[in-house]
Amino acid sequence: MTTLVPPPGTALRPGRMLAVLLTGQAMASMDGSIVSVAAETIRAELHADGAAVQLVVSGYLLTTGVLLVTCARIGDLVGHRRAFLLGLAWFTAASLLCGLAPGPAALVAARVAQGMGAALLTPQIFSLIQLHHEGAARRRAIGVYSMVLALGVALGQVVGGLVAGADLFGLSWRPVFLVNVPVGVAVLLAGRRVLPRTRTSGPARLDPAGVAVLTVAMTALTVPLIFGREQGWPAWAWLSLAGGAALLAAFARYEARTRHPLLDPAALRPAGVKPGLAACWIVMGCYTVFLLTLTLHLQSALGFPPLLAGLAFVPYAVGFGALSLTWVRYPRRLQAALPIAGPLAFAAGALLLVLLLRDRWEPVAAVPLLLLAGAGHAAGYSPLIARITTLVEPRLASAVSALNATGPVLAGVTAVAGLGSVYFAAPASADGLLRVVAAVAALLAAGAACAARVAVAARARRARADD
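Small disclaimer: the values here were computed from a predicted structure and weren't measured. (Residues numbered from 1 in each chain as written. Predicted model: local features only at pLDDT ≥ 70, side-chain atom pairs only at ≥ 80, totals over all residues. Heavy atoms only, no water.)

Would you mind going over the environment of Cys-280 with me for this structure?
Assignment of secondary structure puts Cys-280 in helix α11 (residues 273-300). Separated by 174 residues in sequence, Cys-280 and Val-454 have C-alpha atoms that sit 11 Å apart. Look past the residues within four positions of Cys-280 in its chain and what remains in contact with it is Tyr-381, Leu-384, Ile-385 and Ile-388. (Helix = DSSP H or I, 4+ residues; strand = E, 2+ residues; numbered from the N terminus. Contact = heavy atoms within 4.5 Å.)

Right, dumping it as structure tokens:
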């Protein structure tokens with residue numbers, strides 16, 4: 001069992017704690033996309049080849065995705081506060097190395113180090129939210145957390161465009177990374193004052209065999225998903241995917257038998273948890289590929305500069321943020337319906353947007369449709385992940401955090417690899433975008449069906465409690 005202990009001489013301050021945690025989450029989320037806008041400038045100034053630039057962009061995501069589950073478990077062993085602060089310090093130092101990198105190899109190594117820091121700090125955020133908040137307070141915290149998690153990718157493109165375009169102090173692309181340093185130091189100092197320590201009763205160990213199998217499995221799965229499409233899906237990519245899937249199945253069997261599992265299977269046993277997580281992952285994966293392909297279409301077909309293409313998603317962010325922050329005030333019956341209606345609203349907004357505006361962008365029509373899609377995305381994620389936390393015992397907080405952090409990463413790279421190939425194979429950008437969004441709409445309908453299963457499980461749970 002895990003308990004929270006305030007820092008010496010202080011009381012727990014939920015608002016300040018949440019601000020610290022979410023600032024760390026925003027830094028980690030934004031760095032997944034902030035560099036993409038500056039990639040061409042980095043290539044030119046560092047004389048990097050295409051492979052090095054791809055590693056600069058993707059190495060961070062690859063490292064984070066591989067290590068998230070292990071790092072969530074480390075939080076159980078050393079304490080979520082300590083793991084968060086160590087991860088944030090590591091991430092901040094790596095950001096400084098990125099900004100000072102003299103060449104492509106140094107920048108790639110620093111980006112991998114950034115990913116390691118992000119993998120250590122991000123699972124602790126959701127764990128601390130689960131452990132500290134209950135009831136309506138937890139739902140509100142998860143709503144804000146969800147907003148930061150999802151919109152960090154889109155905001156990263158906007159911030160990256162602003163910072164790189166401003167050429168601050170004549171440093172060109174380097175402030176894209178250096179901006180993390182003062183923010184990271186400030187969050188570290190605040191975190192030491194306001195974050196509670198966690199105390200776990202009972203033995204806790206890190207299983208080396210589980211870590212090894214999961215690390216190899218995740219690497220085998222994510223490497224071809226990130227790099228396979230641009231290489232034309234060679235044989236090694238398919239062999240790696242098959243091997244990764246087999247190792248992941250072996251890891252699941254091993255975890256069911258070991259005394260100290262890296263990812264406790266008990267977190268998946270309550271009715272509704274599996275379909276609920278599947279629905280969350282579907283929504284997040286669809287968002288990632290929708291953001292990517294629409295951004296590419298705005299730039300390549302409609303002539304938007306990168307910064308303007310990023311700003312086009314502001315209405316989406318507004319819709320997402322508004323619903324994330326207000327859904328906890330809705331009547332209970334409406335809250336229960338949101339995870340089912342949300343993906344369908346997301347699908348309707350995205351599909352209508354592309355059908356009406358793929359050849360000519362009209363803000364008067366685009367803004368309400370993007371608002372609808374963003375609100376649907378929030379409705380399909382925030383209320384559902386909040387409900388899942390009520391189904392799982394507090395002692396399994398890190399397992400739920402690991403699943404909630406790793407699933408969207410895998411879903412995102414899978415969606416980009418699969419549907420990205422559909423987009424690039426189309427004869428024209430407009431055709432590719434329509435095909436992608438049609439597939440996204442179908443997937444979101446499947447996500448709504450998974451969310452409906454959670455609602456059924458929740459009703460059955462309440463009926464048993466009343467008996």
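Honestly, the environment of Leu-323 in this entry has me stumped. Any pointers?
Within the element layout of this structure, Leu-323 appears in helix α13 (residues 314-326). Residues Leu-323 and Gly-143, spaced 180 residues apart in sequence, show a C-alpha to C-alpha distance of 8.3 Å. If near-sequence neighbours (up to four positions away) are discounted, Leu-323 is found in contact with Tyr-330, Ala-375, Ala-378 and Ala-379.

Mind showing me how you'd approach a nonpolar patch on the surface here?
Among the surface-exposed residues, Leu-308, Leu-311, Val-314, Val-318, Val-367 and Leu-371 lie close enough to one another that they form a single nonpolar patch of about 430 Å² accessible area. Listing elements by their share of the nonpolar patch, those giving two or more residues are α12 (306-311), α13 and α15 (363-391). Its place among the elements puts Val-314 in helix α13. Look at Val-314 and you get partly exposed, because its relative accessible area is 40%. (Patch = residues over 30% accessible without salt bridge, like charges linked within 9 Å, V, L, I, M, F, W, Y side chains within 5 Å. Areas by Shrake-Rupley, 256 points an atom, 1.4 Å probe, with all protein chains shown as cover. Salt bridge = Lys/Arg side-chain N within 4 Å of Asp/Glu carboxyl O. Buried < 20%, exposed > 50% of the residue type's maximum accessible area, 1.4 Å probe, protein only.)

Just checking my understanding: could you explain the confidence of the model for the protein for this structure?
For any part of a model where pLDDT is low, the fine detail of the predicted coordinates should not be relied upon. For the protein, per-residue confidence averages 87 on the pLDDT scale, and residues scoring 70 or more make up 94% of the total. Element-level pLDDT for the protein is lowest in strand β1 (residues 2-5), with a mean of 53, against a maximum mean of 95 in helix α4 (residues 80-100). (pLDDT = per-residue confidence, 0-100.)

How should I be thinking about the layout of surface pockets in this particular structure?
Gaps left between atoms show up when a probe the size of a water molecule is rolled over them. Of the volumes computed, that of the largest pocket is approximately 1600 Å³. Along the wall of the largest pocket there are 48 residues; nearest its centre are Gly-32, Ser-33, Val-57, Leu-61 and Thr-288. Sorting elements by how many residues they give to the lining of the largest pocket places helix α3 (residues 50-78) first, with nine residues. Residues of the lining of the largest pocket, tallied by class, amount to 29 nonpolar, 16 polar and three charged. Counted as a void, the second largest pocket has a volume near 600 Å³. Considering the residues around the second largest pocket, the lining is formed by 21 residues, among which Arg-332, Arg-387, Thr-390, Ala-458 and Arg-462 are closest to the centre. Among the elements of the structure, α6 (135-166), α14 (332-357), α15 and α17 (429-466) are those that each provide at least two residues to the lining of the second largest pocket. Examining the composition of the lining of the second largest pocket, we find that six residues originate from one element, α15, more than from any other. (1 Å grid on protein atoms, 1.4 Å probe; cavity = no way out; pocket = protein on both sides within 12 Å on 5 of 7 lines; lining within 4 Å. Points joined across faces, edges and corners; volume = space filled by probe spheres on them. Nonpolar A, V, L, I, M, F, W, Y, C, P; charged D, E, K, R; others polar.)

Teacher, can you tell me more about the packing of aromatic side chains here?
Centre-to-centre distance and the angle between the planes together describe a pair of aromatic rings. Counting across every chain of the model gives 12 aromatic pairs. Ring centres of Tyr-287 and Tyr-316 lie 5.5 Å apart, and the angle between their planes is 25 degrees; on these two criteria the pair is classed as stacked. Here Tyr-316 lies in helix α13 and Tyr-287 lies in helix α11, a separation of 29 residues in the sequence. Owing to a relative accessible area of 1%, Tyr-316 belongs among the buried residues under this scheme. Among the aromatic residues, those joined into a cluster by ring pairs are Tyr-287, Phe-290, Phe-313, Tyr-316 and Phe-346. (Phe/Tyr/Trp six-rings, centres within 6.5 Å; stacked < 30°, edge-to-face > 60°.)

Just checking my understanding: could you explain the environment of Thr-70 for this structure?
You can see Thr-70 is positioned in helix α3. Judged by relative accessible area, which is 7%, Thr-70 ranks as buried. In the structure, Thr-70 is positioned 138 residues away from Pro-208 in sequence and 9.9 Å away in space, judged by C-alpha atoms. For Thr-70, the contacting residues outside a window of four places in its chain are Leu-206, Val-211, Thr-215 and Leu-262.

How should I be thinking about the packing of α13 against α15 in this particular structure?
To characterise two packed helices, one gives the angle between the axes of the helices and the distance between these axes. Two elements in contact, α13 and α15, have axes separated by 7 Å at closest approach and are oriented at 40 degrees. When the axes of α13 and α15 are compared, the pair comes out oblique. Crossing of α13 against α15: the hand is right-handed. The residues of α15 that touch α13, namely those facing Pro-315, Tyr-316, Val-318, Gly-319, Phe-320, Leu-323 and Ser-324, are Val-367, Leu-370, Leu-371, Ala-373, Gly-374, Ala-375, His-377, Ala-378, Ala-379 and Ser-382. Split by residue class, the contact of α13 with α15 holds 12 nonpolar, five polar and no charged. (Axes fitted to C-alpha atoms, helices over the stretch in contact; angles between N-to-C directions. Parallel < 35°, antiparallel > 145°, perpendicular 65-115°, else oblique. Left-handed = near helix turned anticlockwise from the far one by under 90°.)

Honestly, the nonpolar core in this entry has me stumped. Any pointers?
A general tendency of soluble globular proteins is for nonpolar side chains to be buried together. Residues Phe-84, Phe-290, Tyr-316, Phe-346, Leu-353 and Trp-361 are the most contacted members of the largest nonpolar core, which totals 112 residues. With 13 residues, the single largest contributor to this core is α11. Look past the residues within four positions of Tyr-316 in its chain and what remains in contact with it is Leu-151, Tyr-287, Phe-290, Phe-346, Leu-370, Ala-373, Gly-374 and His-377. (Core = buried A, V, L, I, M, F, W, Y, C linked by side-chain atoms within 4.5 Å.)

Before we go on, may I ask you to explain the packing of α3 against helix α16 (residues 397-425) in this structure?
Taken N-terminus to C-terminus, the directions of α3 and α16 make an angle of 175 degrees; their axes are 9 Å apart at the nearest point. Between α3 and α16, the interaxial angle falls into the category roughly antiparallel. The segment α3 lies against α16, with Leu-61, Gly-65, Leu-68, Val-69, Ala-72 and Asp-76 engaging Ser-398, Ala-402, Ala-405, Thr-406, Val-409 and Val-413. Broken down by class, the residue content of the contact of α3 with α16 amounts to eight nonpolar, three polar and one charged.

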